[in-house]
Every structure is written in structure tokens, then in C-alpha cells.
2 protein chains.
Amino acid sequence: MADQKKMVEAVTSMDVDFAKWYTDIVVKAELADYSPVRGCIIFRPYGYAIWENIQKILDKKFKDTGHENVYMPMLIPESLLQKEKDHVEGFAPEVAWVTHGGSEQLTERLCVRPTSETLFCEHYANIVHSYRDLPKLYNQWCSVMRWEKTTRPFLRTSEFLWQEGHTLHETAEEAIAETERMLGVYADLCENHLAIPVLKGIKTDKEKFAGAESTYTIEAMMHDGKALQSGTSHYFGDGFAKAFDITFQGRDNTQQHPHQTSWGASTRLIGALIMTHGDNNGLVLPPDVAPVQIVIIPVAQHKEGVLEAAAGLRDKLSATYRVKLDDSDNSAGWKYAEYEMKGVPLRLELGPRDIAEGQCVLVRRDNRQKYFIKLDELETKIPEILKEYQAALFQKAYDNRATRTHSADNLDDLIRIAGESNCYIKAMWCGDVACEEALKDKAGVSSRCMPFEQETIADTCVCCGKPAKAMVVWGKAY
Amino acid sequence: MADQKKMVEAVTSMDVDFAKWYTDIVVKAELADYSPVRGCIIFRPYGYAIWENIQKILDKKFKDTGHENVYMPMLIPESLLQKEKDHVEGFAPEVAWVTHGGSEQLTERLCVRPTSETLFCEHYANIVHSYRDLPKLYNQWCSVMRWEKTTRPFLRTSEFLWQEGHTLHETAEEAIAETERMLGVYADLCENHLAIPVLKGIKTDKEKFAGAESTYTIEAMMHDGKALQSGTSHYFGDGFAKAFDITFQGRDNTQQHPHQTSWGASTRLIGALIMTHGDNNGLVLPPDVAPVQIVIIPVAQHKEGVLEAAAGLRDKLSATYRVKLDDSDNSAGWKYAEYEMKGVPLRLELGPRDIAEGQCVLVRRDNRQKYFIKLDELETKIPEILKEYQAALFQKAYDNRATRTHSADNLDDLIRIAGESNCYIKAMWCGDVACEEALKDKAGVSSRCMPFEQETIADTCVCCGKPAKAMVVWGKAY
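The shown structure was predicted, so the numbers you read here are calculated from the model rather than taken from an experiment.

### Details of the sheet that holds strand β4 (residues 75-77) of chain A
Item 1. Judged by pairing direction, the sheet is antiparallel, and its 6 strands sit side by side in the order β4(A)-β6(A)-β5(A)-β5(B)-β6(B)-β4(B) without closing on themselves. Edge positions in the sheet fall to β4 of chain A together with β4 (75-77) of chain B, since each of these pairs with one other strand and no more. Averaged over all pairs of adjacent strands, the angle between strand axes in this sheet comes to 45 degrees, irrespective of strand direction.
Item 2. Pairing of β4 of chain A with strand β6 (residues 104-112) of chain A involves 3 bridges; the strand directions are antiparallel.

### Quick notes on the confidence of the model for chain A
The predicted coordinates of low-pLDDT regions are not to be read in fine detail.
All names here are of chain A.
Item 1. Of all residues in chain A, 98% attain a pLDDT of 70 or more, and the chain-wide mean is 96.
Item 2. Across residues 1-6, where pLDDT falls below 50, the model places 9 contacts with residues more than four positions away in sequence or in other chains.
Item 3. The ipTM assigned to the predicted complex is 0.95, against a pTM of 0.96.

### A short note on the nonpolar core
Item 1. Counting 209 residues, the largest nonpolar core has Ile54, Phe154 and Ile274 of chain A together with Ile54, Phe154 and Ile274 of chain B as the members making the most contacts within it.
Item 2. If near-sequence neighbours (up to four positions away) are discounted, Ile274 of chain B is found in contact with Trp21, Tyr22, Ile25, Val26, Leu31, Phe154 and Leu283 of chain B.

### Re the packing of aromatic side chains
To describe a pair of aromatic rings, one takes the distance between the centres and the angle between the planes.
Item 1. Counting across every chain of the model gives 30 aromatic pairs over all chains.
Item 2. On the numbers, 6.3 Å between centres and 15 degrees between planes, the contact of Phe240 of chain B with Phe244 of chain B is stacked. Pair check on accessibility: Phe240 of chain B and Phe244 of chain B agree, each one buried.
Item 3. What links up through ring pairs into an aromatic cluster is the set Phe91, Phe209, Phe236, Phe240 and Phe244 of chain A.
Item 4. Here Lys226 of chain A stacks its cationic end above the ring of Tyr478 of chain A, 4.8 Å away from the centre of that ring.

### Quick look at the interface of chain A and chain B
Item 1. Counting residues at the interface gives 52 residues for chain A, matched by 52 residues for chain B.
Item 2. Counting the surface lost from both chain A and chain B, the interface buries some 4,200 Å², and carbon and sulfur atoms represent 63% of this.
Item 3. Three residues, Pro45, Tyr71 and Met74 of chain A, lead the burial of chain A against chain B; their summed loss comes to 15% of the area buried on that side.
Item 4. Summed over the shared surface of chain A and chain B, the result is 2 salt bridges.
Item 5. Across the salt bridge formed by Lys63 of chain A and Glu52 of chain B, the nearest N and O atoms sit 3.2 Å from each other.
Item 6. On inspection of chain A and its partner chain B, the count reaches 21 residue pairs in polar contact (both at pLDDT 80 or more).
Item 7. Direction of pairing for strand β5 (residues 96-101) of chain A relative to strand β5 (residues 96-101) of chain B: antiparallel, over a ladder of 5 bridges. Paired with Trp97 of chain A across the two strands is His100 of chain B, which belongs to β5 of chain B.

### Quick notes on the relation of the copies chain A and chain B
Item 1. The transformation that overlays chain A on chain B combines an axial shift of 0.0 Å with a rotation of 180 degrees, and the residual RMSD is 0.0 Å. Taken together, the turn and the small shift mark the pair as related by a two-fold rotation axis. Judged by C-alpha distance, Val98 of chain A is the residue of chain A that lies nearest the rotation axis, at 2.1 Å.
Item 2. Interface overlap between copies: 100% of the residues of chain A at the interface are likewise at the interface in chain B, consistent with a symmetric, same-surface contact.

### Re the packing of helix α3 (residues 45-64) of chain B against helix α9 (residues 268-277) of chain B
Residue and element names in this part refer to chain B.
Item 1. Close contact between α3 and α9 brings their axes to 10 Å; oriented N to C, the two are set at 105 degrees. Looking at the two axes, α3 sits roughly perpendicular to α9. Contacts from Gly47, Ile50, Trp51 and Ile54 in α3 reach Leu269, Ile270 and Leu273 in α9.
Item 2. The class makeup of the residues in the contact of α3 with α9 is 6 nonpolar, 1 polar and no charged.

### Notes on the side chain of Ser446 of chain A
Residue and element names in this part refer to chain A.
Item 1. The topology assignment puts Ser446 in strand β22 (residues 446-451).
Item 2. With a relative accessible area of 11%, Ser446 lands in the buried category.
Item 3. A distance of 3.0 Å separates the side chain of Ser446 from the side chain of Arg448, its partner in a polar contact.
Item 4. Not counting chain neighbours up to four residues away, the residues in contact with Ser446 comprise Glu207, Lys440, Val473, Trp474 and Gly475.

### A look at helix α11 (residues 332-341) of chain B
Residues and elements named next belong to chain B.
Item 1. Summarising burial for α11: 8 of the 10 residues are buried, a large majority.
Item 2. Looking only at α11, the buried set comprises Gly333, Lys335, Tyr336, Ala337, Glu338, Tyr339, Glu340 and Met341.
Item 3. Phi turns positive, to about 75 degrees, at Gly343, one or two residues after α11.

### Remarks on the state of the cysteines
Item 1. Under the defined criterion, the tally for this structure stands at 0 disulfides over all chains.
Item 2. Cys423 of chain A carries a free sulfur, and the closest cysteine sulfur to it, the one in Cys449 of chain A, is 14 Å from it.

### What about α9 of chain B?
Item 1. Taken across its 10 residues, α9 of chain B has 10 buried, putting it largely inside the fold.
Item 2. Listing the buried residues of α9 of chain B in full gives Arg268, Leu269, Ile270, Gly271, Ala272, Leu273, Ile274, Met275, Thr276 and His277 of chain B.

### Focus on the pairing of strand β18 (residues 359-364) of chain A
Residue and element names in this part refer to chain A.
Item 1. Burial analysis of β18 places 6 of its 6 residues in the buried class, which makes it a mostly covered element.
Item 2. In β18, alternate side chains face the same way, and those of Gln359, Val361 and Val363 on one face and Cys360, Leu362 and Arg364 on the other are all buried.
Item 3. Sheet topology places β18 next to strand β19 (residues 370-374); 5 bridges connect them, and they run antiparallel. Opposite Leu362, over in β19, you have Tyr371 as the bridge partner.
Item 4. A loop of 5 residues connects β18 with β19, the two strands running antiparallel in sequence, and Arg368 in this loop sits at a positive phi of about 60 degrees.

### Brief notes about the packing of helix α3 (residues 45-64) of chain A against helix α7 (residues 172-193) of chain A
When two helices pack together, you describe them by how their axes are tilted relative to each other and by the distance separating the axes.
All names here are of chain A.
Item 1. One way to put it is that α3 packs onto α7 with a least axis distance of 11 Å and a crossing angle of 140 degrees. The orientation of α3 relative to α7 falls into the category oblique. Here α3 runs over α7; the crossing is right-handed. Between α3, through Ile54, Ile57, Leu58, Lys61 and Phe62, and α7, the contact on the second element is made entirely by Met182, Val185, Tyr186, Asp188, Leu189 and His193.
Item 2. Split by residue class, the contact of α3 with α7 holds 8 nonpolar, 1 polar and 2 charged.

### Things to note about the sheet that holds strand β9 (residues 198-202) of chain B
All names here are of chain B.
Item 1. Taking strand neighbours across the sheet as the criterion, the 11 strands line up as β3-β7-β8-β14-β11-β10-β9-β22-β23-β21-β20 in an open arrangement whose pairing is mixed. Each end of this open sheet is capped by a strand with a single partner; those strands are β3 (68-69) and β20 (405-407).
Item 2. In this sheet, strand β23 (residues 470-475) lies alongside strand β22 (residues 446-451) in antiparallel orientation, the contact comprising 3 bridges. Across the sheet, the residue bridging to Cys449 is Val473, located in β23.
Item 3. Across the sheet, helix α13 (residues 378-403) touches β9, β10 (214-221), β20 and β21 (424-429), and the angle it forms with β20 is around 25 degrees.
Item 4. Contacting β20, β21 and β23, helix α14 (residues 411-420) crosses the sheet at an angle of about 160 degrees to β21.

### Focus on the pattern of salt bridges
Should their charged atoms come close, side chains of opposite charge can pair.
Item 1. Evaluation of the coordinates by the stated rule reveals 60 salt bridges over all chains.
Item 2. Linking Glu379 of chain B and Lys316 of chain B is a salt bridge whose minimum nitrogen-to-oxygen distance equals 3.9 Å. A residue pair is termed long-range when its members are at least 10 positions apart, and Glu379 of chain B in helix α13 and Lys316 of chain B in helix α10 (residues 306-317) qualify at 63 residues.
Item 3. You can call Lys316 of chain B partly exposed: its relative accessible area is 38%.
Item 4. Via salt bridges that share partners, Glu340, Arg347, Glu349 and Arg368 of chain A belong to a single interconnected network.

Calculation rules
Residues numbered from 1 in each chain as written. Chains lettered and ligands numbered in written order. Predicted model: local features only at pLDDT ≥ 70, side-chain atom pairs only at ≥ 80, totals over all residues. Heavy atoms only, no water. Pairing = 2+ DSSP bridges. Helix = DSSP H or I, 4+ residues; strand = E, 2+ residues; numbered from the N terminus. Axes fitted to C-alpha atoms, helices over the stretch in contact; angles between N-to-C directions. pLDDT = per-residue confidence, 0-100. Contact = heavy atoms within 4.5 Å. Core = buried A, V, L, I, M, F, W, Y, C linked by side-chain atoms within 4.5 Å. Buried < 20%, exposed > 50% of the residue type's maximum accessible area, 1.4 Å probe, protein only. Phe/Tyr/Trp six-rings, centres within 6.5 Å; stacked < 30°, edge-to-face > 60°. Lys NZ or Arg CZ within 6 Å of the ring centre and 35° of its normal. Buried area = accessible area lost by both parts, 1.4 Å probe. Salt bridge = Lys/Arg side-chain N within 4 Å of Asp/Glu carboxyl O. Polar contact = N/O pair within 3.5 Å; in protein donor to acceptor, adjacent residues only side chain to side chain. Least-squares fit on C-alpha atoms with pLDDT ≥ 70 in both. Parallel < 35°, antiparallel > 145°, perpendicular 65-115°, else oblique. Nonpolar A, V, L, I, M, F, W, Y, C, P; charged D, E, K, R; others polar. Disulfide = S-S within 2.5 Å. Left-handed = near helix turned anticlockwise from the far one by under 90°.

Here's what the structure looks like:
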């Protein structure tokens, strides 16, 4: 167990320094590496495999809801970016500019896409003519670039991987329904696959997407009580359609502007997985996205028949699960630590005595609970244990959030609660951006969202005392 | 049939103007659209779906051969690009340069990756220390950018989608075996999935990848007799490893440089599909990559029971195939033309009389051959017909290549043959680049490759008469 201890010691305790713990996990679980490009990371095989699993789940949900994938150019001409005023104001300060092709200076600068509304709009203007062409339900998987000042792996990087959906609809009602539907897809991904409970709501004007009429969000709470915006869905009205002159002939033969949405989720979700489920031994991954779901560790593998039996189990279980057999020369202790670091949901131990008794030992990653299972019952027991494991991950995250959610009906309380620990604070708001800024100044919190499920904490704004318009959940955020 | 005629007439005949026919197909089959970014195209849903199917096939082959996916940054610092001399000379003239982030001028220019050898090398130098860390078998799916002067959709665009494999090995032998193995994977994709026969061989020094010791290639012949380089695999020796200071401790405890490969295939393959199988009615797609494999067209669909029966068939066949039921109001003739344009392999017609007789009509896209099939035999007959169809596509392309392949043992013959039509010309070569340049000048042909399967056409170089070193296949290329 010497090297297990050594490996565990090398990770900073999350209670000592959560930020350091996070970057330790990123590096030691081999999710990512730093790159020679400012603010950009290298997605290593294990980190990328998590993203591939997230992609598979989301892509199927997108296609099941009628969406089609496309691919737009990665560069956007400056004149195109400038067509929608709010949009360019929001993004121009943080884009990377291409000014030369080979040795030739370009007549117009091109930015590396920070998001692709403008390109989709330009294309839609070309291909949409009649209400019969609607809705257009497009999505693209790509990388985007935003020239961030301070970066952290997965959470905020200059380049990141994401998908961006862009849809066009005949009516505002349909577009709003799409905005809500896709937020629901993200919430489903987070809660039912990633085991991360999320708060669904609407962003205040201050926090919404540049150019959107409204931005819907799912907010996840990390282990340290900070919020992580984990997916957003925007309703644009017909603002972009007007700026890009997208029109269609309606059912009544009049020329109309379509109504638009966009929605995105990114490799940030890998950061959410780390900070929601991880512990001082490393990652803890939900089965649906774990690159390896079951690792088989042969015990006393030099003994006759052990490796053969382990390989047989691997072959059998591989029909249903992503299975790895580690028959390397490393010690059992080293292997246990290694796969705990990597967050593999189940460890299957198999030694000579187990084989003689027709059983094996399963160990859950989250709580190290052991199960002695008859080999002929494995295929019925594993799904049960994985289901319990998945539920336990969700429940732990849910309980953390419940413990760290408070209400405040006056400013002093809000400031005091925010000062005690990272948490969600439910409090009423008048709708004025000045109060958002005041709360940022005085309590260090920002508006996470106005939850769909509203409560009445008080009748007046927690900051200015004017009549309240909505309950906002406030908190510190990544 | 009026609109069918109209649609077909709108495509330029391939015999009149092959280049115009090609771009007509790209636009009318809705594969791609032009974009506001110079030399970049928009991959529309139907075109992107073909790429997704190619990706699925290749990605599985890569994983089955032990490769792992990663993702590197899209930008490369100028100093990194310059580390390997031949490489920077080859690529610097055609890269797009990022010079500004937001409003700030960068201290070092970054290029949008034209290929990622340099980033992989830098990463490998960090993570490879011992022979136990080898081999490294990485691949990445991404887009790359090369500032091309003249562009054509899929064939040559400033930005294109591809995969790039980068591997590192303990010995030269292993690296060469990998280079050959991955060329084999590409040939397998082309011949057994895309129904495109390919010539496998080695590029001359003049045509090899910038920085490679040798470049292996698969060359496909298009319907018009021109060649299309369809996938390449490069052996680098330890040149990059030395430039990037990648070392490992060998089995004998000495510090050594690993041996390296890279290999890539791109959305160019969509161009190959169009120009190998297409005809004057549109695309002709092989089943493995066709976004829709079977389109069901109800005949007299207003008659009772027709739509229900068609929907029933769709649901049944969807378990095995990608099926579309077109129950729109468009005429049958319009639908026939539409799905011929899109290259759907099988059209299934079902009308009241068919239903009464318990049968349907299947029509092959390539030759319009009709099959009257009993409904209860559909599930055994469809795979047979698709197999025949796939074989017929391959055979037609194979025959075209055979007809258009000639030999020349003297310069006059070579010039005459090259002047008569686009074709492959087998001829001997002395190994001197001056002769390659002379043949380009005099006959307008370039060296496609030195095929693995060598023949002896003569003893002397077709150009200069000096002793021959190899048989080269010469031709015009895209």
C-alpha cells in the first residue's frame, strides 16, 4: 500500500485548497495537460473519452428531437460580426483576429468564431424563403475561441469544445418552446446521466447572452458551494433575423421575420463532473460517461488460472460495459489507487480463492462498499449496483446543495450568509441592475438565475426595499 | 414528370462540363453551400451526415487498432511551427495568422493549424520518458486551415475537416509497420465501404509531406480520369523527435529518439464519392455512408391504407437501415428525381395494388433496375440487393480505371497518351526530380505514386533514358 499512499498524498486535500485540488485531479487523472498556447489545454485520451461519451448522449437527444448537424466555417469576417449591435459589443473584446493569410495581409480581418450566430444567420438568409422551410433545427459540434484573461482547465479556457444549436421558427411561441425544450435536454443530461442536480431558470438582463432577448440556464452547485453555469439556451426574438434580413413568406402571404434560438453546452461539463463528485482520492465518474466502467484487478495473478478467469470475465462483461483488465505488474495497491484517481465506478477483484468459491468482489468507487457476488449472478447484480451508485452520486450532490441553500429577506442577513460560506441565497429582487451591482460589491455574489420555481421570500427587494419582481438565487460562481 | 425533367435539366451534363457538373451536384444535392469566408464552405446537413458516417467507420477502425482520440489547441505559436525546417518551409506560406487577441497585439503570432505535428511533438516530449510509455497511438478529429489560392468544395478548401493520427514508436520497424497499417485502413475504407478502388504506393520526394522521410498514399481515379489523393500516411523517422527533443530511456538504458508517423484523411473523400459514382441524375452513394439508405415513396397515397402500410414498413426497416418515408404532397416524379439527386441507394415504391398483392417495388439508384419483392421476403432480399449494388459501384469504378490505365516505354508515347485523355500512365523513372518536372512541362502529368505492386515496363527512365529505379504511375490530379 506504500505507493497508494504516495499517490494519494500527492493530491492536495480539497478541504485545504479546493482550487489546487482541482488542478491536481486534472493532471493526475490525465484528463488534460497544459499547452504552449496561452489559455489552451490539451485534451488527453482519458479526458477526451469523457467528452466523447457526453457527445454521444447529447447528439442522440438532439437527433431524437429532430435536429440536424452542420458545420460552418471557423472564421467570421469582421463586417459579419458587426451586423448585430449587442452581439458585437459582447464578443469583439474577446476574439482572436486573423489578419494575414500566408505572407499577404487580408483586406478584412477575420475572427476565430467565439460563437456562430452570425454565420448561421447569413446561411439562413440564403436558404429560408417560405414557412414551408421552417423550422430549421441545426446544431454544430466544434471548438470556439474567446481570448480569456485568466483561465482554468475545462472551466474557462481560450479555446473550448462545445456544441451550438441554432434554430429558426415561424412564430415566437415555437421559438420559446424550443428554447425551453433544449434547456430540458441539458437538465436531463446533467441530472439523469451526469448525476448533477441543476437549478433551471432565467438569467437577468445583466447576465444574459449578447444579443438575446432572454437566456435560460441550468446552474449546478460544485462541492465547494460555488455555482457553475452548465448549459444555456437563448431566445432571440427576431432581432438577429432583422439585422441579417432573414425573411419568409408566411401562411398569409406576407413577408415575415422568423424567430430564433441558440443553445450550447461545452467541455465545462467535465469541470462540473470533477467538482461535483470528486474526492481526495480523485475523480468519481457516473457510469454513463466513465471511459472505463469496470476495472478488473486480478489478485495473485501469477497463480494458475487467475488471468484466464479474469480475461474470461472481461470478455463476457465487455458485451455490455466498458471494461478494462489491468494485468500489469504493478501492485494491487498501486492499481487500486490508480483507478480510484480515474474515478472508475466499479472495481472487480478476482483471486484464486474467489475462483474456487465461484465469486468475485465488487468495490464501489464512491464509498468503497464491497459486494461479494457469485459469478453467475454478476450480470444481474452489476446493473443494480450501478443504479445504486448513480443514485448515491446524485443524492450526495443534492444534499450538498440543500445544505448550502439559504434564504435572506434583508441585506444584512444576505451579506452575513454570503460571508460565512459559498452557497445559494434565495432573495427577492426589484429588477434593477443597480441592485445586482450593489450585491456584487457588498456581498460578492452575482445573480445565478430567476428559477422557474419561484418562491416568495419577501415582498420587497433584498437590496433597495422597492417592490420585488422576482426571486433570484444569488451566489459565487466559476 | 414535368418537374423531374426540370430538375434533371438543371444539372450540367458531366460529359459537357465535368467541373460544372460537380459543383451543380454539390449545390443541388444540398451537400454544401458557399460561405462569406473566402475558400470556406458550409457543410449542410446532408453533406455533414455523409462525413459523420465516414467518421463512424474510421473511428471504429482506429479504436480497434488501439488508437486513442485526443484534442490539441487549434493555434500554433510561430516559434513552435519553426522547429522542424522542412515542415515550416512547406506550411508557412499557406497558414492563416492570428496577430491580435481582442484589442491587444500579441507578442508572438499564432497560426491556425494547417496540421498538428508540432503540437503533438511538444506534448510527446512532456509525456514520453521510457520505452514503457511507447507506443503512443493518438488521433484527433478537427478542422485545419490552409490558405489556398483556388478552391473547390470538398476537394480543396481553405478550411477542411479531417482526422490526423500521430504516433510514436520505439523502433523504425514498428513505425514503418504503423505507416503501412494505417494506409491499409484507408484503403479498406475506400474499397470496402466507399466502393472506390485505390492504388497504393509511395510518393516521390517531390510529392511527399513536408518533413516526412516517406509518404504513402492511396490514389483514387475519378470518373473523368483524373486522380484524387484520398489518404496519406507518413513515416518521419526520428527527424521531428530530434527537432523537438523527444527522448526515452530504451530497454538498454540508453537515451533514444522515438520514431514517428502521421496519417490523415479528410472531407475530400466526399468529393471522391461524388466524382467516382455520380451520374447526370445526381449523386450515387454507397450504402455504408448514405444518410438515407432506403426511401419509401407511397404511390396513390390518398388511397386508404397506403400511408399506414408505408409507415409500417418504415418502422420495420428502421431497425436495420436508415429509412425515410416521403409522404409529402410532391408528385411521385418529383420525389424520384429528388432522391436520385441525393443518391439514395434504394427506392421502395408501395401502392394499393402492391399492398393487395403483398409486395413492393425496389429500384436501385445506379441502374434503375426494378425488383418486385414479396413483403415477407424484404428482410432477406434487401441485403442481397444492397450487396449487388455495392459490388456494381465498385466494379464500374474499377472498369473505368482499367480502361483509363496505359503504359508507355518512351517519351513520345507518354506525351501522346496524356494528350488523348485523362488517364493513369505506367512508366519507368530514374529517380531524378528533373524528369518529374520535365514530364509536368511536356505532358502535363505528375507522379501519383510508385505503386507497391511494381511492374517492369522498360529498363530505362521514360524521360531521360538513364537506368530506371521504379515504375511510377503518372496522371493529372485534383
